[in-house]
Amino acid sequence: MNRSLVILLGALILCAALFGGSYAISRRVCQNCMAKSVSDLDWLQQEFNLNDAELARIQKLHEGYLPKCADMCAKIAAKKSELETALNGSTNINPLAQQKLTELAALRAQCQAQMLQHFTEVSQTMPPDQGRRYLAEMQRLTLGLHEQTESSMSGSMDHEHHQP
Amino acid sequence: MESPPPLKPMNQENINLDPNDARLGTLLRASRVSPTLPPRFQEGVWRRIEEADAPAPSNGGFTWLDALAALVLRPRFALATATVLIVAGALLGVREGSQMVKQDAQARYLATVAPHSLR
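Residues numbered from 1 in each chain as written. Chains lettered and ligands numbered in written order. Predicted model: local features only at pLDDT ≥ 70, side-chain atom pairs only at ≥ 80, totals over all residues. Heavy atoms only, no water.

Visitor: Account for the interface of chain B and chain A, naming residues and giving values.
Guide: Tallying the contact residues gives 35 residues for chain B and 43 residues for chain A. Interface area for chain B against chain A, summed over the two sides, is near 3400 Å², with a carbon-plus-sulfur share of 75%. Taken together, the connections running from chain B to chain A amount to one salt bridge. Residues A:Glu47 and B:Lys102 are paired through a salt bridge, measuring 3.1 Å at the closest nitrogen-oxygen approach. Counting across the interface, chain B meets chain A through seven residue pairs in polar contact (both at pLDDT 80 or more). Of all the secondary-structure elements, those providing two or more residues to the side of chain B that touches chain A are helix H3 (63-72) and helix H4 (75-113) of chain B. Among the elements that take part in the side of chain B that touches chain A, H4(B) stands out by supplying 23 residues, more than any other. (Contact = heavy atoms within 4.5 Å. Buried area = accessible area lost by both parts, 1.4 Å probe. Salt bridge = Lys/Arg side-chain N within 4 Å of Asp/Glu carboxyl O. Polar contact = N/O pair within 3.5 Å; in protein donor to acceptor, adjacent residues only side chain to side chain. Helix = DSSP H or I, 4+ residues; strand = E, 2+ residues; numbered from the N terminus.)

Take a look at the structure:
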């Protein structure tokens, strides 16, 4: 094999190792350093450039919201358990299961409304531009998944309807 | 017009070896043959000189590989390349790492305020 070719291949391998090694090490170091001080609200402060006073107000809202959220989650979990019991062994959706489904949906809607209310309150403690961006981002992250699923499903149904 | 003196037969006594003899010089100049050069003679000479000066091509055709290998083996080039690669890798790693941390932090915040059952 040509000596020059061997030298160049070796150099390429060495280059790849140097680049890959420095990339992996720096990424790990960066993750370790930045992850040390992360709390639940650090993302908010960094992403929306909040000062300490704004963060303190949001912290208060956040702490007030968490017990309500936990309470709603517990109610939803209990209702899901009731639904499973109503569905247990049944091959059809009986009236009791239908009722539990309706109650579960109502609880979820109530929980979502409470969550959106919290997002609105948080957005109002931020500077107006950041607040609008926060609200849009939260709605996209929490409600967008449903919209995506629904639009994709309705798209596939349309497609099926158009088929002969 | 005066006719030249008759030539005498050459023998040991009448050989003229004097380099300053005008008659001898005239005779020698008249007898010099100046052959005509072939067409584009000078151009051909220069072309052959240039061909002789140029490095002989190797039979494998890998001269550019050899040149590249020689470049790679230069310490300054190798050091500069290694430095650039390490710095570029580190910058990219820091960028990726910070993005991953940001995504983790966002996911952590969302998990506290928006339970999975609602998303």
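Here the narrative resumes, following the displayed structure.
Visitor: Please give an account of the nonpolar core that cites residues and values.
Guide: Generally speaking, a soluble globular protein has its nonpolar side chains buried in company with each other. Membership of the largest hydrophobic core comes to 21 residues, with the highest contact counts inside it found for A:Leu44, A:Met126, A:Tyr134, A:Met138 and B:Tyr109. Once residues within four sequence positions are removed from consideration, B:Tyr109 is found in contact with A:Asp40, A:Leu41, A:Trp43, A:Leu44, A:His62, A:His118, A:Tyr134 and A:Met138. Counting residues in hydrophobic clusters, the runner-up holds eight residues, among them A:Ala86, A:Ala97, A:Leu104 and A:Cys111. (Core = buried A, V, L, I, M, F, W, Y, C linked by side-chain atoms within 4.5 Å. Buried < 20%, exposed > 50% of the residue type's maximum accessible area, 1.4 Å probe, protein only.)

Visitor: An account of the packing of helix H3 (residues 52-87) of chain A against H4(B) is requested, with residue identities and associated values reported.
Guide: At a minimum axis separation of 9 Å, H3(A) and H4(B) run at an interaxial angle of 55°. Relative to H4(B), the element H3(A) is oriented oblique. Judged by residue contacts, A:His62, A:Tyr65, A:Leu66 and A:Cys69 of H3(A) engage B:Tyr109, B:Thr112 and B:Val113 from H4(B). For the contact of H3(A) with H4(B), a count of residues per class yields five nonpolar, two polar and no charged. (Axes fitted to C-alpha atoms, helices over the stretch in contact; angles between N-to-C directions. Parallel < 35°, antiparallel > 145°, perpendicular 65-115°, else oblique. Nonpolar A, V, L, I, M, F, W, Y, C, P; charged D, E, K, R; others polar.)

Visitor: I'd like a rundown of unusual backbone geometry, residues and numbers included.
Guide: Look at A:Asn49: it is not a glycine, yet its phi comes out positive at around 50°. With respect to the helices and strands, the residue A:Asn49 is situated in the loop between helix H2 (42-47) and H3. At B:Arg40, a position not held by glycine, the phi torsion is positive, near 60°. Position of B:Arg40 among the secondary structure elements: in the loop between helix H1 (22-31) and helix H2 (41-53).

Visitor: Can you lay out the packing of H3(A) against helix H4 (residues 95-125) of chain A for me, pointing to particular residues and giving the numbers?
Guide: Residue and element names in this part refer to chain A. Close contact between H3 and H4 brings their axes to 9 Å; oriented N to C, the two are set at 175°. By the angle class used here, H3 and H4 are roughly antiparallel. Grouping the amino acids of the contact of H3 with H4 by side-chain chemistry returns 17 nonpolar, five polar and eleven charged.

Visitor: I'd love a proper account of H4(A), names of residues and values included.
Guide: Look at H4(A): 45 Å from first C-alpha to last across 31 residues, which is about the 45 Å you get at 1.5 Å a residue. Within the span of H4(A), buried status applies to A:Ala97, A:Lys100, A:Leu104, A:Leu107, A:Cys111, A:Met115, A:His118, A:Phe119, A:Val122, A:Ser123 and A:Thr125. (Expected span 1.5 Å × (residues − 1).)

Visitor: Can you explain a nonpolar patch on the surface? Please cite residues and give values.
Guide: Residue and element names in this part refer to chain B. A cluster of nonpolar side chains, Leu37, Phe41, Val45, Trp46 and Ile49, forms an exposed patch at the surface whose accessible area comes to about 500 Å². Tracing the chain through its elements places Leu37 in the loop between H1 and H2. Judged by its relative accessible area of 61%, Leu37 is exposed. (Patch = residues over 30% accessible without salt bridge, like charges linked within 9 Å, V, L, I, M, F, W, Y side chains within 5 Å. Areas by Shrake-Rupley, 256 points an atom, 1.4 Å probe, with all protein chains shown as cover.)

Visitor: Explain the confidence of the model for chain A to me, using residue names and the numbers behind them.
Guide: Close inspection of predicted coordinates is inappropriate for parts of the model with low pLDDT. Residues and elements named next belong to chain A. Here chain A shows a mean pLDDT of 84. Residues at 70 or above account for 85%. Mean pLDDT across the secondary structure elements of chain A bottoms out at helix H5 (residues 128-162), with 71, and peaks at helix H1 (residues 3-35), with 92. Low confidence marks residues 157-164, where pLDDT is under 50. Its contacts with residues over four positions away, or in another chain, come to zero contacts. (pLDDT = per-residue confidence, 0-100.)

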